[in-house]
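Topology and contacts: notes
This is what each chain is made of:
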Amino acid sequence: MKGAPEALLPLCTTIREEDGTVGPLTGQRRRPIAGQADAFARQGLRVLAAAERQLAVGSRPPENREEAVDLQVGIGCETGRPL
């Protein structure tokens, strides 16, 4: 799923590191991510977060989309201007 960082971050319980490992998304890890998203937004950039939920083979997704998800990509921004 993707959306505004302020909407997705509270749903995330883990974070995927650059090396592919997954660890807990603690308040200490969450604050700099939220801070960077805010900094981008203050610059007038469109900021998105992306998250994923791992499901066991053969299982169905939960009906409640807001159950715990993994923060997969962190945050990114789109300038809307050619580079």
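Refer to the structure presented above.
What this report covers is the structure whose coordinates are included nearby.

Definitions and limits used
- Residues numbered from 1 in each chain as written.
- Predicted model: local features only at pLDDT ≥ 70, side-chain atom pairs only at ≥ 80, totals over all residues.
- Heavy atoms only, no water.
- Buried < 20%, exposed > 50% of the residue type's maximum accessible area, 1.4 Å probe, protein only.
- Helix = DSSP H or I, 4+ residues; strand = E, 2+ residues; numbered from the N terminus.
- Pairing = 2+ DSSP bridges.
- Salt bridge = Lys/Arg side-chain N within 4 Å of Asp/Glu carboxyl O.

1. Some thoughts on the pairing of strand 4 (residues 46-52)
Of all seven residues in strand 4, five are buried, a share of seventy percent or more. As judged from the two bridges shared by strand 1 (residues 2-3) and strand 4, these two strands associate in the antiparallel manner. In the sheet register, K2 faces strand 4, and the bridge partner there is A50.

2. Side note on the pattern of salt bridges
Side-chain pairs of opposite charge can arise where the charged atoms are in close proximity. Scanning the entire structure with this criterion turns up one salt bridge. One salt bridge in this structure joins R29 and E17, with 2.7 Å as the shortest N-O distance. Taken together, the residues R29 in helix 2 (residues 27-42) and E17 in the loop between strand 2 (12-16) and strand 3 (22-24) connect sequence positions 12 residues apart. On the basis of relative accessible area, R29 is assigned to the partly exposed category, the value being 33%. Judged by relative accessible area, which is 28%, E17 ranks as partly exposed.

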